[in-house]
Amino acid sequence: MTSKTEREIFTRVATSLLLLATLSLVPVTAIANVLIAVIIDDLGDSLGKGRRALALPGEVTLAVLPHTRWGQSLANEARQRQREVILHLPMANLANMPLGPKPLTHELTRLEFRDRLIDALAKVPGARGINNHTGSALTQEPRAMAWLMHELREHGLYFIDSRTTHKSVANRVAGEHAVLASERDVFLDNERTFDAIDRQFEKLIGIARGRGAAIGIGHPHPETLEYLEMRLPKLAIEEVRLVPTSHLIAYQSIARSQLVRMKAPLLPATLASVAPL
């Protein structure tokens, strides 16, 4: 008999494949002019902040820390509201910042690494993907990233590199393991003032207008949430679409594949007739 966990994994994989198949039939220019995804990190320690993030207008993605007091409850509430949830996974960093219980570190064996990942996923039910909490040390390690991507592929999950170091190899390794992945373009609230957050948000939109899509990461600070409550409803009149992160990654994947096809050299007629489709 198929277990509940196996059914959930199958559903996640099937949903991702269906989304990719649907988008691949549509020119990327016909999907939308500008797409952005906004991820709110560090959820789970405060119920009030978590629920305020959950109430933000639009398809904000919620990144929930495992092993937190309210993480599981917030993940379940998000699923009930059909909001996308990802696991905000603590990883070893270069600054010796505290990571909380059961982080992913260099010292773990492969079995310990896998067990900690599976345990963390169980604490954030319904997670569609993962992004790293800190991780400036671990995301530089090809072996650790290979272990991670193997498990993400097995579970049908995507990966967002928070880019806490320019030396990260996470996206490269994700590609080698056929895992859908992308990376953070802008941190919205390194400086917690209205003007600073506004500058970063406009930077996010500017990147998206240039590339077609961009990802911003913020945190449940009062200043950030207040700004987003005001700013997100205005996106529609600017022809900017806020989408779940999974949709944005699928869009990027299809855009890349269509670009590759456009750049591919034409085959001679005699070869084209027998070339595999």
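First, a word on scope: everything that follows refers to the structure included in this document. Counting restarts for each chain: residues are numbered from 1 in the order of the written sequence. Confidence filtering applies because this is a predicted model: local features only for residues at pLDDT of at least 70, side-chain atom pairs given and counted only at 80 or more, and all residues used for totals across whole chains, interfaces and linings. Side-chain metrics rest on all non-hydrogen atoms present in the structure, leaving aside hydrogens and water.

### A closer look at the nonpolar core
The tendency in soluble globular proteins is for nonpolar side chains to be buried as a group.
No. 1: Definition used in this section: a nonpolar core is a set of buried Ala, Val, Leu, Ile, Met, Phe, Trp, Tyr and Cys residues joined via side-chain atoms within 4.5 Å. Only protein chains enter the accessibility calculation, which uses a 1.4 Å probe; a residue is then buried when its area is under 20% of its type maximum, exposed when over 50%, and partly exposed in between. Met145, Leu148, Met149 and Phe201 are the most contacted members of the largest nonpolar core, which totals 59 residues.
No. 2: Here, two residues are considered to be in contact whenever any of their heavy atoms come within 4.5 Å of each other. Residues in contact with methionine 149, not counting those within four places in the same chain, are Phe159, Ala170, Val173, Ala174, His177 and Val179.

### Description of empty space enclosed by the protein
Where empty space is left in the structure can be found by rolling a water-sized probe over the atoms.
No. 1: The definitions used throughout rest on a 1 Å grid laid over the protein atoms alone, on which a cavity is an enclosed set of points accommodating a 1.4 Å probe that cannot get out and a pocket is an open set flanked by protein within 12 Å on both sides along at least five of seven lines; lining residues are those having an atom within 4 Å of a point. Grid points are joined across faces, edges and corners, and a volume is the space filled by probe spheres set on the points. Scanning the model with the defined rule gives 1 cavity of 30 Å³ or more in all.
No. 2: Forming the boundary of the largest cavity are Leu43, Gly50, Leu54, Leu62, Val64, Leu74, Ala75, Ala78 and Val85.
No. 3: Per the convention used, a helix needs a DSSP run of H or I reaching at least four residues, while a strand needs a run of E reaching at least two, with both numbered from the N terminus. Listed by contribution, the elements that provide at least two residues to the lining of the largest cavity are helix 3 (47-54), strand 2 (61-64) and helix 4 (71-80).
No. 4: If one sorts the elements of the lining of the largest cavity by residue count, helix 4 sits on top with 3 residues.

### Comments concerning the side chain of threonine 224
No. 1: Position of threonine 224 among the secondary structure elements: in helix 9 (residues 222-231).
No. 2: The exposure class of threonine 224 is buried, given its relative accessible area of 1%.
No. 3: If sequence neighbours within four positions are ignored, threonine 224 has contacts with Asp189, Ile197 and His219.

### Details of helix 3
No. 1: Taken together, the buried positions of helix 3 are Leu47, Gly50, Ala53 and Leu54. With its buried residues spanning 130 degrees around the axis, helix 3 presents them on a single face.
No. 2: Buried residues along helix 3 sit against strand 1 (35-43), strand 2, helix 4 and helix 9.
No. 3: The N-terminus of helix 3 is capped by serine 46, whose side-chain oxygen sits 3.1 Å from the backbone nitrogen of lysine 49. Of all possible arcs, the one meant is that of the directions from the helix axis to the C-beta atoms. Identification of polar contacts relies on pairs of N or O atoms within 3.5 Å, with a donor-acceptor requirement for protein atoms, meaning one able to donate a hydrogen and the other able to accept it, and with residues adjacent in sequence counted only if both atoms are side-chain atoms.

### With respect to the pattern of salt bridges
No. 1: We define a salt bridge as a side-chain nitrogen of Lys or Arg found within 4 Å of a carboxyl oxygen belonging to Asp or Glu. A complete count under the given rule lists 13 salt bridges for this structure.
No. 2: Here glutamate 151 and arginine 114 are joined by a salt bridge, their closest N and O atoms 3.5 Å apart. On the criterion of sequence distance, the pair formed by glutamate 151 in helix 6 (residues 142-155) and arginine 114 in helix 5 (residues 110-123) is long-range, its members being 37 residues apart.
No. 3: On the basis of relative accessible area, glutamate 151 is assigned to the buried category, the value being 7%.

### Some details on the layout of surface pockets
No. 1: Volume-wise, the largest pocket comes out at about 480 Å³.
No. 2: Along the walls of the largest pocket sit 27 residues, with Asp42, Asp45, Leu65, His88 and His133 positioned nearest its centre.
No. 3: Broken down by secondary-structure element, the contributors of at least two residues to the lining of the largest pocket are strand 1, helix 3, strand 3 (85-91) and strand 4 (129-134).

### Some details on the packing of aromatic side chains
No. 1: Think of it this way: a Phe, Tyr or Trp ring, Trp meaning its six-membered ring, pairs with another when their centres are within 6.5 Å, and the plane angle makes it stacked under 30 degrees, edge-to-face over 60, tilted otherwise. One pass over the structure, following the stated rule, counts 3 aromatic pairs.
No. 2: Seen from their ring centres, phenylalanine 194 and tyrosine 227 are 5.3 Å apart, and the 65 degrees between their planes marks the pair as edge-to-face. Note that phenylalanine 194 is positioned in helix 8 (residues 194-211) and tyrosine 227 in helix 9, a separation of 33 residues in sequence.
No. 3: Cluster of aromatic residues (ring-pair linked, three or more members): Phe194, Phe201 and Tyr227.

### Some points on the packing of helix 3 against helix 4
No. 1: Helix axes use the C-alpha atoms of the stretch in contact, all axes being lines fitted to C-alpha atoms, and the angles between their N-to-C directions lie in the range 0 to 180 degrees. Running from N to C, helix 3 and helix 4 cross one another at 20 degrees; their axes reach a closest spacing of 10 Å. The angle between helix 3 and helix 4 falls in the class roughly parallel. When you trace helix 3 past helix 4, the crossing you get is right-handed. Contacts from Leu47, Gly50, Arg51 and Leu54 in helix 3 reach Leu74, Glu77 and Ala78 in helix 4.
No. 2: Charged residues are taken to be Asp, Glu, Lys and Arg, nonpolar residues to be Ala, Val, Leu, Ile, Met, Phe, Trp, Tyr, Cys and Pro, and polar residues to be all remaining types, Gly included. Its residues assigned to classes, the contact of helix 3 with helix 4 comprises 4 nonpolar, 1 polar and 2 charged. Put simply, angles under 35 degrees are roughly parallel, angles over 145 are roughly antiparallel, angles from 65 to 115 are roughly perpendicular, and the rest are oblique. Should the near helix be turned anticlockwise from the far one by less than a right angle, the crossing is left-handed, and should it be turned clockwise, the crossing is right-handed.

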